[in-house]
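Listed here are the chains, written in short residue letters.
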Amino acid sequence: MRRKLVAGNWKMHGSLAENEALLSAVLAGMGDVKAGVAVCAPYPYLAQVQSLLAGSAIAWGAQNMSQHAKGAHTGEVSAGMLKDFGCTYVIVGHSERRAIYGESDTLVAMKFAAAQAAGLTPILCVGETLEERESGVTEAVVGRQLDAVIHACGVQSLAKSVVAYEPVWAIGTGKTATPEQAQAVHAFIREKIRAQDAGVADGLVIQYGGSVKANNAAELFSQPDIDGGLIGGASLSADEFLAICRAG
Ligand code: PEP
């Protein structure tokens with residue numbers, strides 16, 4: 001039985017004061033949450049998040065990392081550095097990084113490998129644009145993004161990862177995939193992996209991300225292949241985020 005995982009992606013939001021208020025409110029409401037919960041914070045706040053969450057039921061992580069372990073890479077942050085601050089997770093291949101910062105499937109696979117080498121659990125984001133969905137190539141795109149990691153790291157590497165299906169047209173737009181649309185892609189992902197390793201497929205946590213809110217989380221999370229969510233905007237409100245966590 002897979003345990004659902006609800007992870008907040010704060011993106012480039014927050015301040016010392018806002019983070020403290022948000023996390024104390026979320027911690028105070030965790031009593032009846034059954035899902036696993038994590039927050040992925042901007043780098044400068046990882047030390048603060050670590051000190052606020054250490055010993056609690058909430059794990060933490062980062063939103064990006066370098067594919068390199070160390071060296072002359074000005075401005076970059078390695079997986080080992082994230083480990084130093086107690087991170088469990090790191091998001092790799094978020095569509096904003098693919099689209100705005102030109103991250104290729106190959107680069108994302110390198111980051112995935114580097115994260116695992118340092119003992120982090122990568123949350124691998126995959127998903128199609130609206131144009132791709134309308135041209136009927138959703139499965140081809142998601143399949144290609146997964147194959148890049150499978151070819152580089154092997155299908156077994158997915159056993160120590162989380163996959164987040166995030167249709168690009170649903171991220172930050174207020175447009176959510178219907179539960180049926182999301183379930184169809186989640187089932188495709190699981191079946192694709194099952195064709196190579198049934199054990200990995202059955203154990204893999206596949207999150208849905210894209211305008212998940214308190215009022216649509218329960219229906220999305222009740223789909224058989226949706227194992228929780230990656231939450232952007234709604235993770236910045238303690239009430240909304242907690243309601244989503246309770247739906248998991
Ligand atoms: C995200 O940033 O991964 C995301 C899903 O954002 P939002 O929930 O705001 O659509």
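Residues numbered from 1 in each chain as written. Predicted model: local features only at pLDDT ≥ 70, side-chain atom pairs only at ≥ 80, totals over all residues. Heavy atoms only, no water.

Details of unusual backbone geometry
Positive phi outside glycine occurs at lysine 11, with the angle close to 55°. Along the polypeptide, lysine 11 turns up in the loop between strand S1 (5-9) and helix H1 (16-28). Under the relative-accessibility criterion, lysine 11 is labelled buried at 18%. Even without a glycine there, the phi angle at serine 211 is positive, about 55°. For serine 211, the location among the structural elements is in the loop between strand S7 (205-209) and helix H10 (217-221). (Helix = DSSP H or I, 4+ residues; strand = E, 2+ residues; numbered from the N terminus. Buried < 20%, exposed > 50% of the residue type's maximum accessible area, 1.4 Å probe, protein only.)

What about the site of the ligand?
In the neighbourhood of the ligand, 14 residues make up the surrounding shell, with Lys11, Glu166, Gly172, Ser211 and Gly232 lying closest. Between the ligand and the protein, one listed contact pairs an oxygen atom with a side-chain N or O atom of histidine 94 at 2.9 Å. One nitrogen or oxygen atom from the main chain of glycine 232 is found 2.8 Å from an oxygen atom belonging to the ligand. In the complex, 97% of the free accessible area of the ligand, which totals 290 Å², lies under the protein chains. (Near = heavy atom within 4 Å. Polar contact = N/O pair within 3.5 Å; in protein donor to acceptor, adjacent residues only side chain to side chain. Areas by Shrake-Rupley, 256 points an atom, 1.4 Å probe, with all protein chains shown as cover.)

Considering the state of the cysteines
As used here, a disulfide is simply a covalent bond connecting the sulfur atoms of two cysteines. On inspection of all chains with the given rule, the structure shows zero disulfides. Not part of a disulfide, cysteine 87 finds its nearest cysteine sulfur in cysteine 40, a span of 8.0 Å. Owing to a relative accessible area of 2%, cysteine 87 belongs among the buried residues under this scheme. There is no disulfide at cysteine 125, and the cysteine sulfur nearest it, in cysteine 40, is 9.0 Å away. (Disulfide = S-S within 2.5 Å.)

Here's the deal with the sheet that holds strand S6 (residues 162-165)
Taking strand neighbours around the barrel as the criterion, the eight strands line up as S1-S2-S3-S4-S5-S6-S7-S8 in a closed arrangement whose pairing is parallel. Strand-to-strand twist in this sheet, taken as the mean axis angle between neighbours without regard to direction, amounts to 25°. Against the sheet, helix H2 (residues 46-53) touches strand S2 (36-40) and strand S3 (58-62), its axis set at about 170° to S3. (Pairing = 2+ DSSP bridges. Axes fitted to C-alpha atoms, helices over the stretch in contact; angles between N-to-C directions. Contact = heavy atoms within 4.5 Å.)

Examining the side chain of glutamine 63
Examined against the element boundaries, glutamine 63 turns out to sit in the loop between S3 and helix H3 (79-84). Polar contacts involving the side chain of glutamine 63 include one to the main-chain carbonyl oxygen of lysine 11, which spans 3.1 Å. Looking at glutamine 63, its side chain comes within polar contact range of the main-chain oxygen of cysteine 40, at 3.0 Å. The residues contacting glutamine 63, other than those within four sequence positions of it, are Asn9, Trp10, Lys11, Met12, Cys40, Ala41, Pro42, Ile91 and Arg97.

No statement about biological role is implied by the geometric values presented.
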